[in-house]
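So you can see what is in the structure, the chains are spelled out below.
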Protein chains: 2
Amino acid sequence: QFGSLSFGDVGRRVVVVRAEGQAINPEIRKSEDKVVDSVVVTELSKPLTAYCRCWRSGTFPLCDGSHVKHNKANGDNVGPLLLKKQ
Amino acid sequence: QFGSLSFGDVGRRVVVVRAEGQAINPEIRKSEDKVVDSVVVTELSKPLTAYCRCWRSGTFPLCDGSHVKHNKANGDNVGPLLLKKQ
Ligand code: FES
Ligand code: FES
């Protein structure tokens, strides 16, 4: 996966620039090798619970709506996983 | 969010390069404005089901283990959401 690049004030020499792959998760629990969460579905308290898949939520692993800002800023289309009791 | 950049063969002129924000989801259901999935937890068939949060699974919204390759390639630490019946 490569970033899109904007060039400005480029001289006559050839310049090779490579954007390295991006982490999906910039901040959440970076001390963990792999962030895995478990939900015992019988313990869900509400009829509907949204779980984050954008790694931008302030209440991760729950969704707090932060995917909206991420999608707008980055032209993306990610959204949560909804757990429904019925 | 900005990419990490590697520069090679840079001449004497100043070169300004900007990596734009990255989509978390490069490929899955890009025709949809927002990819939201629902799970009716009473309909889960197995004791344990893993749902993808890395947007790289070939069986999205389920996890197929593709997060391992993504993490290794990008120095990331994302993993699935596990739904457990007990
Ligand atoms: S805040 Fe991450 S999916 Fe909603
Ligand atoms: S394949 Fe995406 S979290 Fe496992």
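Our structure's up above, just so we're on the same page.
Quantities reported herein were computed from a predicted structural model and do not represent experimental measurements.

Trainee: Would you mind going over the overall build of chain A with me for this structure?
Mentor: Counting secondary structure elements, chain A contains one helix and five strands. Start at the N end of chain A and walk to the C end: the helices and strands fall as β-β-β-β-α-β. Taking all 86 residues of chain A together, the buried fraction comes to 40%. For chain A, long-range pairs separated by at least 24 residues make up 45% of all intrachain contacts whose partners lie at least 6 apart in sequence. Accessible area of chain A: about 4900 Å², with a carbon and sulfur share of 52%.

Trainee: Would you mind showing me how to read the sheet that holds strand β4 (residues 48-51) of chain B here?
Mentor: What holds strands together in a sheet is hydrogen bonding between their backbones, with the strands either parallel or antiparallel. Reading across the sheet, the three strands line up as β3(A)-β5(B)-β4(B) and stay open at both edges, with mixed pairing between neighbours. The strands lining the two open edges of the sheet, one partner per strand, are β3 (35-40) of chain A together with β4 of chain B. Direction aside, neighbouring strands of the sheet carry axes that sit 25 degrees apart on average. In the sheet, β4 of chain B pairs with strand β5 (residues 78-84) of chain B via four bridges, with the strands oriented antiparallel. Residue pairing for β5 of chain B: Ala 50 of chain B is matched across the bridge by Leu 82 of chain B.

Trainee: What is the right way to look at the sheet that holds strand β4 (residues 48-51) of chain A in this model?
Mentor: Taken in spatial order, the three strands of this open sheet run β4(A)-β5(A)-β3(B), and their pairing is mixed. The open sheet has two edge strands with one neighbour each: β4 of chain A together with β3 (35-40) of chain B. Adjacent strand axes in the sheet meet at a mean angle of 25 degrees when their direction is disregarded.

Trainee: How should I be thinking about the nonpolar core in this particular structure?
Mentor: Side chains of nonpolar character tend, in soluble globular proteins, to be buried together. Formed by 16 residues in total, the largest nonpolar core has its most connected members in Ile 24, Trp 55 and Phe 60 of chain A together with Ile 24, Trp 55 and Phe 60 of chain B. Excluding its chain neighbours within four sequence positions, the residues that come into contact with Trp 55 of chain A are Ile 24, Asn 25, Pro 26, Ile 28, Val 35 and Phe 60 of chain A together with Arg 53, Val 78 and Gly 79 of chain B. Counting residues in hydrophobic clusters, the runner-up holds 12 residues, among them Leu 44 of chain A together with Val 39, Val 41 and Leu 81 of chain B.

Trainee: What exactly am I supposed to notice about helix α1 (residues 66-74) of chain A here?
Mentor: Given 3.6 residues per turn, any residue in an α-helix points the same way as the ones three and four places further on. Residues and elements named next belong to chain A. Looking only at α1, the buried set comprises His 67, His 70, Asn 71 and Asn 74. Down the axis, α1 shows its buried residues gathered within 100 degrees of arc, on one side only. Projecting away from the buried face of α1 at angles above 90 degrees are the exposed residues Lys 69, Lys 72 and Ala 73. In the core, the buried residues of α1 are packed alongside β5 (78-84). Once α1 ends, the next one or two residues include Gly 75, with phi positive near 60 degrees.

Trainee: Looking at this structure, I do not really get unusual backbone geometry. What am I missing?
Mentor: Across the chain, the bulk of peptide bonds are trans and the bulk of non-glycine residues have phi less than zero. Between Phe 60 of chain A and Pro 61 of chain A the backbone carries a cis peptide bond, its omega angle lying at 10 degrees. Summarising the element assignment, Pro 61 of chain A is placed in the loop between β4 and α1. Notably, Arg 29 of chain A is not glycine yet its phi reads approximately 45 degrees, a positive angle. As for its position among the elements, Arg 29 of chain A is in the loop between β2 (16-19) and β3. The exposure class assigned to Arg 29 of chain A is partly exposed, which follows from its relative accessible area of 30%. Phi at Trp 55 of chain B takes a positive value of approximately 60 degrees, unusual for a residue other than glycine. Inspection of the secondary structure puts Trp 55 of chain B in the loop between β4 and α1 (67-74). Given the relative accessible area of 2%, Trp 55 of chain B is considered buried.

Trainee: How do you make sense of the pairing of β3 of chain B when you look at a structure like this?
Mentor: Every other side chain in a regular strand lies on the same face of the sheet, so the side chains alternate between the two faces. Residues Val 35, Asp 37 and Val 39 of chain B point to one face of β3 of chain B and are all buried, whereas Val 36, Ser 38 and Val 40 of chain B, pointing to the other face, are not buried. Direction of pairing for β5 of chain A relative to β3 of chain B: parallel, over a ladder of five bridges. If you follow Leu 81 of chain A over to β3 of chain B, its bridge partner there is Asp 37 of chain B.

Criteria and cut-off values
- Sequence positions are assigned chain by chain, starting from 1 and proceeding in written order.
- Chain letters start at A and ligand numbers start at 1, both assigned in the order the entries are written.
- Thresholds applied to this predicted model are a pLDDT of at least 70 for local features of residues and 80 or more for the giving and counting of side-chain atom pairs; totals over whole chains, interfaces and linings are not thresholded and use all residues.
- In computing side-chain values, all of the structure's heavy atoms are included and hydrogens and water are not.
- To qualify as a helix, a DSSP run of H or I must reach at least 4 residues; to qualify as a strand, a run of E must reach at least 2; elements of each kind are numbered from the N terminus.
- Note on exposure labels: buried denotes an accessible area under 20% of the residue type's maximum, exposed denotes more than 50%, and partly exposed covers the range between, all computed with a 1.4 Å probe on protein chains only.
- Note on contacts: a residue pair qualifies if any of its non-hydrogen atoms lie within 4.5 Å across the two residues.
- Here the accessible surface of atoms and residues is derived via Shrake-Rupley with a 1.4 Å probe, and residues count as covered only by protein chains that are part of the display.
- DSSP calls a pair of strands paired once it identifies at least 2 bridges connecting them.
- Simply put, an axis is a line fit to the C-alpha atoms, just over the touching stretch for a helix, and the angle between two N-to-C directions goes from 0 to 180 degrees.
- Throughout this description, the term nonpolar core refers to a set of buried Ala, Val, Leu, Ile, Met, Phe, Trp, Tyr and Cys residues connected via side-chain atoms within 4.5 Å.
- The directions from the helix axis to the C-beta atoms are what the arc is built from.

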